[in-house]
Amino acid sequence: MNKLNSIFIILGIILATHFSVFAQQDSIKKLPSMHKQRNNNIDIKHIALNLRFNWQKKQAIGIATITLSPTIASNQIELDAGMLTINSIVLQNGTALKYKYDESDKDNALNITLDRIYNANEEVTIVIDYHTNQVNEIDPNNLSGSNGKGLRFSQPTSNDPIKPKEIWSIGEPHSNHYWFPCYDAPNDLRTTEFIATVDKQLTVISNGNLVETIVNTDGTRTFHYITDIPYANHLTSFVVGEFIDVQQEYDGIQLHNYGYKNEKKWIEASTVRLPDMMKFFSESIGVKFPYQRYSQVFVQDIGSFTSNNAVSTITENMIDDFPTHADFYYLWDMTEAEALAQQWFGNYLSCTDWSDAWINKSFAHYLNGIYNEHKNGKEEFLLWQHNFDQGTYLNDWSAGISHPIVTKNYENAETFVADNYATVRGSLVLHMLRKHLGDVIWWKAIHYFVIDNKNKSVTTADFQKAVEKASGESMDWFFDQWIFKMGHPVFEVTKQYDAAKKQLTLYVKQTQKPDSTSAYPQTIFFKGKLDIEIDGKIETVFVEDTVENTFTFSLAHAPKFINFDYENTWIKELVFTKSFDEYVEEFQYSKDILARQAAMMELVTIVKSEDATTEQRAKIETILRNTILSNAYWRLRLGAVSQLQNLISPMQPNDATIAVLLSVIKNEKSWLKAGAIRFLGTTKNPKFTAIYLQALHDSSDRVISAAAVSLGKTKSPLAFNALAKLVSKPSMKSQSVLSALVGLKELGDKRGYKIAYNALADLKLPRWRLPTPPVWDFRITAAETIVSLGKASAVYPMIMSRFNQSMKENDLNGIFNNLLLISILGDKRGQAAFDILKVKFKNDENAMTAINQFEAQFRNAIKK
């Protein structure tokens, strides 16, 4: 009987284990289907496009002349064509060819039967007469800008009568087949010729060299571009618009900056560093910019930028006047630099397959960061780009977004190329590699990678080969753990100091657990060089890929602070308990700006807790004030302003703090001055009115905006007239209007309604503002100001009328921007707009997402 019981127990364990394994397997998310590198059995040599445009129908009408050769003997070829209407296909001699195609299918193949069997590598030229049907509309979930697919047409509407007339294309990753027939994959390089005819006031910018511009007798102009270096299909692009060309030059290379005609000085201000960027990249990479000319075109409604063959299409938001651009150099110079860097990484050499998209994305993103470091210092790079990238990656990981940087298993190329792994994690990995190799070997590897693969399609294996060639060591372990597998270490660090031995010991555990729900390959334990700062001295250790590492250091006394992973180089999470005094030492004396910032934030958290002593709180307030007045980097000082405000709120700042703020306002500029004014404004004390009035004349719009808000909070009798006058102050893209509106919102003076109404209705706006778009920033702010004054119902009919007119014009931009305004106003009558759109877009999941989000905002506004 006992034996029988034992058998049943063992059998039960086996069955339990069996079903547990199956349950675990069921919980593992299946990998997305594998994307194999495309092989279309053709080699396209050259594509010549000749286009005209139907602006009313938002169509391109074109002739595509394609020279290609089969890779195997065949009389059949297949091209990609998305929703094109094919009128005819003929050989170059006019012989008609049979074809099969369904234009209603977004991604259908265009199958063409040639006149005979062509041998492998035997060239044939076909001519396709077609027009487009796909319309690249705005994304209602991203009203500030989006990329979409194919061609984006924009022109004036009743809702936005000053909107510029322009067209721009989007190709990455495979959207060009929506506007011309092609082989839409990155692994086939070819040259192009681009001809486009447009109204004479318009300009066309495309890839290659502009060989001629013809003025036609019918009031049009024809632009003719030719490339002589083969490149990938997704990099073919063009822009049409009414532009001025602000020209520069570097080392014989023509630099063209195309922007709106009334923004010449602003274009000059915003692109002043472009020649220096080209110089830096050319010299650092050791490979000169490979093309005869480079163009930047600044357009509306694009998400950020797209870098194409010798042309980058960039958001017009980058264009500022000199003072504004000085305030935002860290944002827009870096956009410009990243777009330029993609001319080497993503153009001159480009990924063979989208599984290696990080080559196109991460390298340019990181080189942009290195330029930032070169031009603005390491502290700027660390506090701005590197810190942001670390946070972005870890937020994605926490949200369940996880996969290797390089994998064949992904849902679709659009999301894989656009997600943060291809850009942010890849950039962080390149930074770790640079720290591991050292700058000399790092740049040698980059040079080898480009010079050995120029004008080719490449893979990650090609980059690894270049790194190993430069370093003389195998890098399998590095690429395996950071690129081909997913995950990051979670370090738990403890310390012990032996006074007798004068020895510090650090115990470093890796406590990360594999994601049991993911079938992607994962790194179990990580290894590599790591820097540790001990009382200001940097020690380099090598972390082995084991559960625990132990490191010992000779030290005359117990350490005052330890900064594990100096400059936050590793992608990681860290658990390292420190005392109040250790954080104080680290904040004040670390050489690492990121460690100082992190320690500052921890200290404020500590002293805001119930356990904090009065002495601790007073000490941190003093340290923060001293930091604000120190010669530390401006971002750390601005952070100290913010943390001091956080610490003191909701109490009023004391005299010592006010003295510090007044000193900053007097002696500093831009962001620091604005931060101090904003903090001082929380006092709502009218005795500071004169300071705010004076600041309204500052050269920085950041300062003016902070002053307007603080002035409004004082409720001073002088405030209204000053804010009303501010509306007419010349500024970049209506910044003065925006500042006046937010000030009036704080002031609460009913007379502000007329000013806000005029802004919302586009009435009595200064002529210097026109025709600089967009109008949406100040319309939104005007609506918010009107709501704060209790007058939402008075303007609702105007917004609903605009909404209805946009519906008649099928102007999606107008429809959803007015829907946003309706959701802000919170007038119950606005429900009608949501009901209409739920019917119109019932089969459009993306649009319904936006509608539901706006409706939730609308209902919250009603409750207030």
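Keep in mind it's a predicted model, so treat the numbers as computed, not measured. Throughout, a residue's number is its position along its own chain's written sequence, starting from 1. Reporting in this predicted model follows two pLDDT cut-offs: at least 70 for local features of residues, and 80 or more for side-chain atom pairs to be given and counted; totals over whole chains, interfaces and linings ignore these cut-offs and use all residues. In computing side-chain values, all of the structure's heavy atoms are included and hydrogens and water are not.

> Can you explain unusual backbone geometry? Please cite residues and give values.
In most cases, non-glycine residues show a negative phi, while peptide bonds are predominantly trans. In the segment running from Glu172 into Pro173, the intervening peptide bond is cis, with an omega of -5°. One non-glycine residue, Asp251, adopts positive backbone phi at about 50°. Note that Asp251 resides in the loop between strand 16 (243-250) and strand 17 (253-260). The class for Asp251 is partly exposed, based on a relative accessible area of 46%. Put simply, DSSP marks the helices as runs of H or I at least four residues long and the strands as runs of E at least two long, and each gets a number from the N terminus on. Only protein chains enter the area calculation, which uses a 1.4 Å probe; residues under 20% of their type maximum are buried, those over 50% are exposed, and those in between are partly exposed.

> Please provide a residue-by-residue account of the state of the cysteines, values included.
Here, the term disulfide refers to a pair of cysteine sulfur atoms separated by no more than 2.5 Å. In the structure shown here, the tally under the stated rule is 0 disulfides. Free cysteine: Cys182, not disulfide-bonded; nearest cysteine sulfur from Cys351 at 16 Å.

> So what's going on with a negative patch on the surface? Which residues, and what values?
Within this analysis, patches are made of residues with over 30% relative accessible area and no salt bridge. Like charges are joined at 9 Å or less; nonpolar side chains (Val, Leu, Ile, Met, Phe, Trp, Tyr) at 5 Å or less. Here the open area of atoms and residues is found with the Shrake-Rupley method and a 1.4 Å probe, where only the protein chains shown may cover a residue. Whenever a carboxyl oxygen of Asp or Glu lies within 4 Å of a side-chain nitrogen of Lys or Arg, that contact is scored as a salt bridge. The charge count treats Lys and Arg as positive and Asp and Glu as negative. His and the chain ends do not count. To locate a charge, the coordinates of NZ of Lys, CZ of Arg, CG of Asp or CD of Glu are taken. A contiguous patch of negative charge on the surface is contributed by Asp102, Glu103, Asp105 and Asp107. Within the element layout of this structure, Glu103 appears in the loop between strand 5 (98-100) and strand 6 (109-118). Exposure remark for Glu103: the relative accessible area of 36% places this residue in the partly exposed category.

> Any details on the pairing of strand 23 (residues 490-498)? Residues and values, ideally.
The pairing criterion is simple: DSSP has to find at least two bridges between the two strands. Here strand 23 runs beside strand 29 (residues 573-575); their pairing, made up of 3 bridges, is parallel. When the bridges of strand 29 are listed, Glu492 appears paired with Val575. Relative to strand 24 (residues 503-510), strand 23 runs antiparallel, the two being bridged by 8 bridges. Looking at strand 24, one finds that Thr494 is bridged to Tyr507. Two successive antiparallel strands, strand 23 and strand 24, enclose a turn made up of 4 residues, where Lys502 displays a positive phi of approximately 50°.

> Give me helix 5 (residues 329-341): which residues, what numbers.
Taking 1.5 Å of rise per residue, 13 residues should cover 18 Å, and helix 5 covers 17 Å from first to last C-alpha, within 8% of that figure. Of all 13 residues in helix 5, 12 are buried, a share of seventy percent or more. Listing the buried residues of helix 5 in full gives Tyr329, Tyr330, Trp332, Asp333, Met334, Thr335, Glu336, Ala337, Glu338, Ala339, Leu340 and Ala341. Expected span, for any helix, means 1.5 Å times one less than how many residues it has.

> Summarise the sheet that holds strand 11 (residues 203-206); cite the residues concerned and give the values.
As summarised here, the arrangement of the 4 strands in space is 8-9-15-11, forming an open sheet in which the pairing is antiparallel. Strands at the two margins of the open sheet, each flanked by one partner only, are strand 8 (150-154) and strand 11. With strand direction ignored, the average angle separating the axes of adjacent strands in the sheet is 15°. For every element, the axis is a line fit to its C-alpha atoms; helices are fit only across the contacting stretch, and the angle between N-to-C directions ranges from 0 to 180 degrees.

> Break down the pairing of strand 19 (residues 305-308) for me, with residues and values.
Both faces of the sheet carry side chains from a regular strand, because those side chains alternate between them. The two faces of strand 19 match: Phe305 and Ser307 on one face and Thr306 and Asn308 on the other face are all buried. Hairpin connection between strand 19 and strand 20 (residues 311-315): a loop of 2 residues separates the two successive antiparallel strands, and Ala310 in this loop has a positive phi of roughly 65°.

> Break down the environment of Leu819 for me, with residues and values.
Within the secondary structure, Leu819 sits in helix 26 (residues 812-825). Among the residues examined, Leu819 registers a relative accessible area of 0% and is labelled buried. Residues Leu819 and Ala833, spaced 14 residues apart in sequence, show a C-alpha to C-alpha distance of 7.2 Å. Beyond its immediate chain neighbours, meaning those up to four positions away, Leu819 contacts Ala833, Phe834, Leu837, Ile851 and Phe854. Whether two residues are in contact is decided by their heavy atoms: any pair within 4.5 Å suffices.

> Describe the nonpolar core, and please don't skip the residues or the numbers.
The tendency in soluble globular proteins is for nonpolar side chains to be buried side by side. For our purposes a nonpolar core is just a set of buried Ala, Val, Leu, Ile, Met, Phe, Trp, Tyr and Cys residues, chained together by side-chain atoms within 4.5 Å. Core analysis: the largest hydrophobic core is formed by 189 residues, its most contacted members being Phe281, Ile285, Phe345, Phe463 and Phe816. Judged by nonpolar contacts, the second largest core, of 55 residues, contains Ile112, Trp168, Phe180 and Ile205.

> Can you lay out the packing of helix 6 (residues 358-376) against helix 10 (residues 439-453) for me, pointing to particular residues and giving the numbers?
Packing of helix 6 against helix 10 brings their axes to within 14 Å, and their N-to-C directions diverge by 140°. Put simply, helix 6 runs oblique to helix 10. The two elements helix 6 and helix 10 meet at a crossing, and its hand is left-handed. Between helix 6, through Ile359, Phe363, Tyr366, Leu367 and Ile370, and helix 10, the contact on the second element is made entirely by Trp442, Trp443, Ile446 and Phe449. As a working rule, the residues Ala, Val, Leu, Ile, Met, Phe, Trp, Tyr, Cys and Pro are called nonpolar, Asp, Glu, Lys and Arg charged, and the rest polar, with Gly in that last group. Of the residues belonging to the contact of helix 6 with helix 10, the class tally is 9 nonpolar, no polar and no charged. Roughly parallel means an angle under 35 degrees; roughly antiparallel, over 145; roughly perpendicular, 65 to 115; everything else is oblique. Crossings are assigned a handedness: left-handed for a near helix turned anticlockwise from the far helix by less than a right angle, right-handed for a clockwise turn.

> Break down the pattern of salt bridges for me, citing the residues and quoting the values.
On inspection of all chains with the given rule, the structure shows 37 salt bridges. Put simply, Arg434 and Asp439 hold a salt bridge, and the shortest N to O gap is 2.9 Å. Exposure remark for Arg434: the relative accessible area of 9% places this residue in the buried category. Take Asp439: its relative accessible area is 39%, and that puts it in the partly exposed class. Where Glu855 meets Lys838, a salt bridge forms, and the shortest distance between an N and an O atom there is 2.7 Å. Taken together, the positions of Glu855 in helix 28 (residues 845-863) and Lys838 in helix 27 (residues 831-840) put the pair 17 residues apart, joining distant regions of the chain. For Glu855, a relative accessible area of 4% puts it in the buried group. Here the residues in one salt-bridge network are Glu373, Arg434 and Asp439, joined through shared partners.

> If you had to explain the sheet that holds strand 17 to someone new, which residues and values would you point to?
The 5 strands are arranged 16-17-18-20-19 in an open sheet whose pairing can be described as mixed. Here the strands that pair on one side only, and so sit at the sheet edges, are strand 16 and strand 19. Direction aside, the axes of adjacent strands within the sheet are offset by 15° on average. Judged from the 5 bridges that link them, strand 17 and strand 18 (residues 293-299) form a sheet pairing that is parallel. Paired with Gln254 across the bridge in strand 18 is Arg293. Strand contacts of helix 3 (residues 274-285): strand 16, strand 17 and strand 18, with the helix running at about 40° to strand 16, the strand carrying the most contacts.

> Help me get a handle on the confidence of the model for the protein chain, residues and values and all.
In the predicted model, the protein chain carries a mean pLDDT of 93, and the fraction of residues at 70 or more is 95%. In the predicted structure, residues 1-26 sits below a pLDDT of 50 and forms 1 contact with residues beyond four places in sequence or in another chain. pLDDT gives the predictor's per-residue confidence on a scale running from 0 to 100.

> Describe the packing of aromatic side chains, listing the residues and the values that go with them.
Note on ring pairs: Phe, Tyr and Trp rings are taken, using the six-membered ring of Trp, and paired if centres are within 6.5 Å. Classes follow the plane angle, with under 30 degrees stacked, over 60 edge-to-face and the rest tilted. Summed over all chains, the structure comprises 42 aromatic pairs. Through a chain of ring-to-ring contacts, the aromatic side chains of Phe345, Trp358, Phe363, Phe449, Phe463, Trp477, Phe478, Phe479 and Phe542 assemble into a single cluster. Charge over a ring is defined by NZ of Lys or CZ of Arg lying within 6 Å of the ring centre and within 35 degrees of the ring normal. Arg190 extends its terminal NZ or CZ atom over the ring of Tyr231, reaching a point 5.0 Å from the ring centre. One cation-aromatic arrangement involves Lys840 over Phe841; the distance from NZ or CZ to the ring centre is 5.5 Å.

> Lay out helix 9 (residues 420-437) with the relevant residues and their values.
Each full turn of the α-helix corresponds to 3.6 residues, which orients residues three or four apart in the same direction. The first and last C-alpha atoms of helix 9 sit 24 Å apart over 18 residues, in line with the 26 Å expected at 1.5 Å per residue. Each residue is assigned a bend, namely the angle between axes fitted to the seven residues that terminate at it and the seven residues that start at it. In helix 9, a bend of some 25° at Gly426 exceeds every other bend along the element. Counting buried residues along helix 9, 16 of its 18 residues qualify, which places the element largely inside the surrounding structure. Polar contact is the term for a pair of N or O atoms within 3.5 Å; when the atoms are in protein, one must be able to donate a hydrogen and the other to accept it, and sequence-neighboring residues count only if both atoms are side-chain atoms. The N-terminus of helix 9 is capped by Asp419, whose side-chain oxygen sits 3.0 Å from the backbone nitrogen of Tyr421. Of the residues one or two after helix 9, Gly438 is the one with positive phi, at around 90°.

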